[in-house]
Amino acid sequence: MSELASARLLENDRRPTQASSSRVEPGHPGPALNKLVLLHTERVTSVRPWNDRVFTFCTTRDPGLRFRSGQFLMLGLPVEGKPLMRAYSVVSANYEERLEFLCIEVPNGPLSPRLHRLQPGDEVLVNRKPAGTLVADDLLPGRRLYLFATGTGLAPFLSIVKDPEVYERFERVVLVHCVRHLPDLAYQQYLSQELPRDEFLGEVAREKLIYYPTVTREPFRHEGRITSLVESGKLCGDLGLPPLDAAEDRVMLCGSEAMLADLRAVLDRRGFRVNAQAGEPGQYVVEKAFAEK
Ligand code: A2P
């Protein structure tokens, strides 16, 4: 089926639209049509700063929008009459009513400074076609799942740790978030206190989820880059888990290109195989944390 046909199907399949979430009418035919048919206007419902550059915001969600935990959506704003869109991993779980995004302002970037100025009630554009490689289906069965994030690479893992299916597949889920400074530890309170007390997920999260925040440029209870923590054996030692082992452990990576390259090398040396492409499961999967170029 062509992309246009599937876009039309999606439109036909759409449940009644909420007043707060509306389709952008295609302005003109041609190649841009496919993209426009998939664009929706959503309304910002809340914003939350974590520090002077990192922030979270929530929006309404079109009821027809479906995504898998760990995927990203193209998100943007109309700029000079055209949609300016960038990829953002979805923080919210796939069953939640709102969409939630974690962003960092890239100084002089075309989009992120504008997103940083958003206020409740403002409109954003959301493309309804999710994509991304951080999906549990592309991992072979294993005992423990390690989620390694730096900076805003945490975003897709928040969706994943709120997905009950991940706890069905793995005995242990270890979320490691590495940042430069303490205020960069977005969602620290949520992960350490609120999720373990959540009405629906609390019990399984208390039993299976381990949250391990680590800081590299100031004193903290856990310090150091993920690469060093894995190579030295400190991470697994601190957690009382066996050393990372390709036979039993599965890994998802999300961070800067440099972090991904270094951590991939660490995993490759330990005999881990990356998933080659969608539908060909591996022992680990990788996604770049999106930052504006
Ligand atoms: P460091 O403070 O030692 O540079 P950034 O904000 O640059 O994306 O970094 C987020 C976190 O990722 C920081 O704690 C940083 O550590 C760490 N980091 C940066 N580059 C790498 C890398 N190549 N491998 C592992 N961790 C990295």
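The structure under discussion appears in the preceding block.
Residues numbered from 1 in each chain as written. Predicted model: local features only at pLDDT ≥ 70, side-chain atom pairs only at ≥ 80, totals over all residues.

Visitor: Which parts of the structure should I look at to understand the sheet that holds strand E8 (residues 144-150)?
Guide: Sheet strands line up and pair through hydrogen bonds in the backbone, either parallel or antiparallel. Taken together, 5 strands build an open sheet; the order of strands is E10-E9-E8-E11-E12 and the sheet is parallel. The sheet is open, and its two edges are formed by strand E10 (209-215) and strand E12 (284-288), each paired on a single side. Strand-to-strand twist of the sheet, defined as the mean angle between neighbouring strand axes without regard to direction, takes the value 10°. Two strands pair when backbone bridges link them, and E8 and strand E9 (residues 172-179) are joined in this way by 7 bridges, in the parallel orientation. Residue pairing for E9: Leu 147 is matched across the bridge by Leu 175. (Pairing = 2+ DSSP bridges. Helix = DSSP H or I, 4+ residues; strand = E, 2+ residues; numbered from the N terminus. Axes fitted to C-alpha atoms, helices over the stretch in contact; angles between N-to-C directions.)

Visitor: Before we go on, may I ask you to explain the pairing of strand E4 (residues 72-79) in this structure?
Guide: On a regular strand, one side chain projects to one face of the sheet and the next to the other, so that they alternate. When E4 meets strand E5 (residues 82-89), the two strands line up antiparallel, connected through 8 bridges. Residue pairing for E5: Pro 78 is matched across the bridge by Pro 83. What sits between E4 and E5 in their antiparallel hairpin is a turn of 2 residues, with Glu 80 showing a positive phi close to 50°. In this structure, E4 lies alongside strand E7 (residues 123-127), joined through 2 bridges in antiparallel fashion. Bridge pairing in E7 links Gly 76 to Leu 125.

Visitor: Sorry, what's going on with the site of the ligand here?
Guide: Neighbouring the ligand are 14 residues; Thr 150, Thr 216, Arg 225, Ala 258 and Met 259 lie closest to it. Those elements that provide at least two residues to the shell around the ligand are E9, helix H8 (226-231) and helix H10 (257-269). Looking at the shell around the ligand element by element, the count peaks at 3 residues for H10. Residue composition of the shell around the ligand, by class: 5 nonpolar, 5 polar and 4 charged. (Near = placed C-beta within 6 Å. Nonpolar A, V, L, I, M, F, W, Y, C, P; charged D, E, K, R; others polar.)

Visitor: Where do I start with the environment of Val 47 in this structure?
Guide: Within the secondary structure layout, Val 47 lies in strand E2 (residues 39-49). Residue class for Val 47 comes out partly exposed when judged on the 16 C-beta atoms lying within 10 Å of it. It is 9.2 Å that separates the C-alpha atoms of Val 47 and Thr 59, two residues lying 12 residues apart in sequence. Filtering out sequence-adjacent residues up to four positions away, Val 47 remains in contact with Phe 55, Phe 57, Leu 118, Gln 119 and Pro 120. (Buried ≥ 20, exposed ≤ 12 C-beta atoms within 10 Å, placed from the backbone. Contact = placed C-beta atoms within 7 Å.)

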